[in-house]
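# Summary of structural features
Below are the chains, spelled out letter by letter.
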Amino acid sequence: MTERGPGFILVFMLMVTAVLIGLSLVVPDKGMQFALDFELKYPSFDRLVNNQSPEYADITSTIALSDSLNEVDQISDQELEIALGMVDTIDSVVVIRRKHVNVDSMRAAEKYLQHIEFKGGDASSLYAFFEALDDVAYKKGKTHVFHYGDSQIEGDRMTSYIRDRLQKRFGGYAIGMIPASNINQVKLLNHENSEGWYRYPAFFKEGAEGENSNYGAMASYSTYTPYPTDSSLAKDSVYAAWVRYDTKKTIYNNTKKFKQVKIFHGPVYDAVRLTFPIYDTTFTDYLKGQKILNTVSLDFDEPIDEVELKFESKISPQIYGVSLESPTGVQVNNVAMRGSSGTIFHKIDPALFAAMHDELNTSLIILQYGGNVMPYMKDSAQAAQYGSRFYNQIRLVQKACPNASVILIGPSDMSTKTEDFFETYPLLEPVRDALKKAAFKSGIGYWDMYAAMGGKNSMPSWVEASPALAGPDYTHFTPRGARIISEFFYKALIIEYETYNNSKLANDDSSQHP
């Protein structure tokens, strides 16, 4: 065996080093794709030589907010309202009053806050919602908010906190709209069904597709018999199905009770007997009507925390949703669409969508999308195309709901693993910019959740926080993180409301003292 001297070893090591450096200069950052699904990735020259790691965002202010939220949660609802100066107490009756708020001081105190952005700084597109809030607060009115989004809001994540804050501030309670069937959804409450239910979402890629586009405001409908056909119309069998809602274990106290149950359904082909036991008494009602939208409203003398609805008929109507409500106040509804990019509203019958939102007096629609397209984006041109498609969806929503305000919430920061580190998806900012452009073009507000988190490479900081504010998938918030990002959004919304409120007070003063 030939012995190799030190010189040979040195030359060999230099050659290997040269090859490694050469690869770092030649191989693209995204790697090289070969046949048979073989991909070669290699560290960049800077990473190889300098061992550079990405710089993660500083979220010190976010951690501080997390601690403050714990303190707020220990205060009762009424104590919180009084502490914020928003109510007076007169003989144990809470009376909401309008007061001037120093918005400039609020903005200065919340330097970390990401504000809602508008084209030209004109926030008047939110005034319809603010007027509805005033109607709720001062005239005991009622209005609905719909929060449509992807899996970032699944299981009432984010929506539950926004609902709680709005109801505490302006009035109302209860969880709002729920699908009749619990198939293929993360439950918002204890929700049980008998066997034989079907659920048809407009947005679910895997599962039953609806026979028509009558999905309604919940973007899905449920039935307890197969969709009516000529053969099913001839059957004599009577189907019985039930659904049970129990709100005792929902997250916030405001959603643990309800006093009204509303059932929204399509045309009735056969008489539908509805029974529902309350305590020791069983009540009976009927679903009827041939219109595209029909409603049954059940009102109770006292707030309750559970209800079982039993349906009996030969043919099931399309049930668009069941709403658990308070008689007055703000109702905030969660419509989570796992895997959706938000480009589904063209699948929903516009007349039904409009009629249902009109019936519910919807004053605000929140659209929260963008995250699900991130792994598939190849270039900025594709991001721009997505923004153009989303603009068309916004216009459909606006046309169906001309009296409602609309806010678009863009994607959070999301990380993909590059070599040994998690970094922001390369095309996240182009997607964010495309969605913001779509919002401005359609005249609605845009809230930049990515910037609110801290911008580029903020997600790893949320994941590594103690306790964690985001999950190990580097995409979704933990419950604590969801509460924080929701508080950011709520504060941004309330600053706009207080600005509107101050202008109302100024107008009132000028009219009284010309």
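Structural notes, computed from the coordinates. Quick caveat, the model's predicted, so the values are computed rather than measured.

## Notes on the side chain of S341
Its place among the elements puts S341 in the loop between strand 17 (329-336) and helix 9 (350-360). Among the polar contacts listed, one links the side chain of S341 to the side chain of T343, at a separation of 2.9 Å.

## Section: unusual backbone geometry
The omega torsion across S466 and P467 is -5°, close enough to zero to call that bond cis. At K140, a position not held by glycine, the phi torsion is positive, near 55°. Inspection of the secondary structure puts K140 in the loop between helix 6 (127-139) and strand 5 (142-149). For K140, a relative accessible area of 67% puts it in the exposed group. At N457, a position not held by glycine, the phi torsion is positive, near 60°. Mapped onto the elements, N457 comes out in the loop between helix 12 (449-453) and helix 13 (459-464).

## Focus on the packing of aromatic side chains
Per the stated rule, a full pass over the model turns up 24 aromatic pairs. Here F276 and F283 contribute two aromatic rings whose centre-to-centre distance is 5.7 Å and whose plane-to-plane angle is 20°, an arrangement assigned as stacked. Judged by its relative accessible area of 39%, F283 is partly exposed. Each ring, one from Y369 and one from F390, has its centre 5.9 Å from the other, and the planes form 50°; the classification is tilted. Taken together, the positions of Y369 in the loop between strand 18 (362-368) and helix 10 (380-400) and F390 in helix 10 put the pair 21 residues apart, joining distant regions of the chain. F390 gets classed as buried once you look at its relative accessible area, which sits at 0%. Looking at R244, its charged tip hangs above the ring of W242, at a distance of 4.5 Å from the centre.

## Remarks on the sheet that holds strand 13 (residues 281-287)
Taken together, the five strands give an open sheet; going across it, the order is 7-10-15-12-13, and neighbouring strands pair in antiparallel fashion. The sheet is open, and its two borders are formed by strand 7 (190-193) and strand 13, each paired with just one other strand. Taken pair by pair, the neighbouring strands of this sheet meet at an average axis angle of 20°, ignoring direction. Bridge count between strand 12 (residues 272-278) and strand 13: seven bridges; the pairing is antiparallel. From the neighbouring strand, I278 faces strand 13, where its bridge partner is T281.

## A look at the pattern of salt bridges
Applying the stated criterion to the full structure yields 18 salt bridges. The partner of E117 in a salt bridge is K436, and the shortest N-O contact between them spans 3.3 Å. Of this pair, E117 sits in the loop between helix 5 (103-109) and helix 6 while K436 sits in helix 11 (residues 428-442), placing them 319 residues apart in sequence. A relative accessible area of 23% places E117 in the partly exposed class. The buried category is assigned to K436, whose relative accessible area is 18%. Of the charged contacts in the structure, one is a salt bridge between K248 and D246, with a shortest N-O distance of 2.9 Å. The partly exposed category is assigned to K248, whose relative accessible area is 38%. Looking at D246, the relative accessible area reads 14%, which means it is buried.

What counts, and at which threshold
- The numbers attached to residues start from 1 for each chain and follow its sequence in the written order.
- Owing to the predicted nature of the model, reporting of local features is limited to residues with pLDDT of at least 70; listing and counting of side-chain atom pairs is limited to 80 or more, with chain, interface and lining totals taken over all residues.
- Hydrogens and waters are ignored; side-chain quantities use all the structure's heavy atoms.
- Helix and strand assignments come from DSSP, with helices taken as H or I runs of at least 4 residues and strands as E runs of at least 2, each series counted from the N terminus.
- The term polar contact refers here to a pair of N or O atoms within 3.5 Å; inside protein, the definition further demands a hydrogen-donor-capable atom paired with an acceptor-capable atom, and it admits residues adjacent in sequence only when both atoms are side-chain atoms.
- When a residue's accessible area, from a 1.4 Å probe over protein chains only, is under 20% of the maximum for its type it is buried; when over 50% it is exposed; and in between it is partly exposed.
- Working definition: a ring pair exists when centres of Phe, Tyr or Trp rings (six-membered ring for Trp) sit within 6.5 Å. Plane angles under 30 degrees give stacked, over 60 give edge-to-face, the rest tilted.
- Throughout this description, the term charge over a ring refers to an Arg CZ or Lys NZ atom that lies within 6 Å of the ring centre and within 35 degrees of the ring normal.
- Should DSSP find at least two bridges between two strands, the strands are regarded as paired.
- Axis geometry follows a simple rule: fit a line to the C-alpha atoms, using only the stretch in contact for helices, then measure angles between N-to-C directions, giving values from 0 to 180 degrees.
- A carboxyl oxygen of Asp or Glu within 4 Å of a side-chain nitrogen of Lys or Arg is what we treat as a salt bridge.

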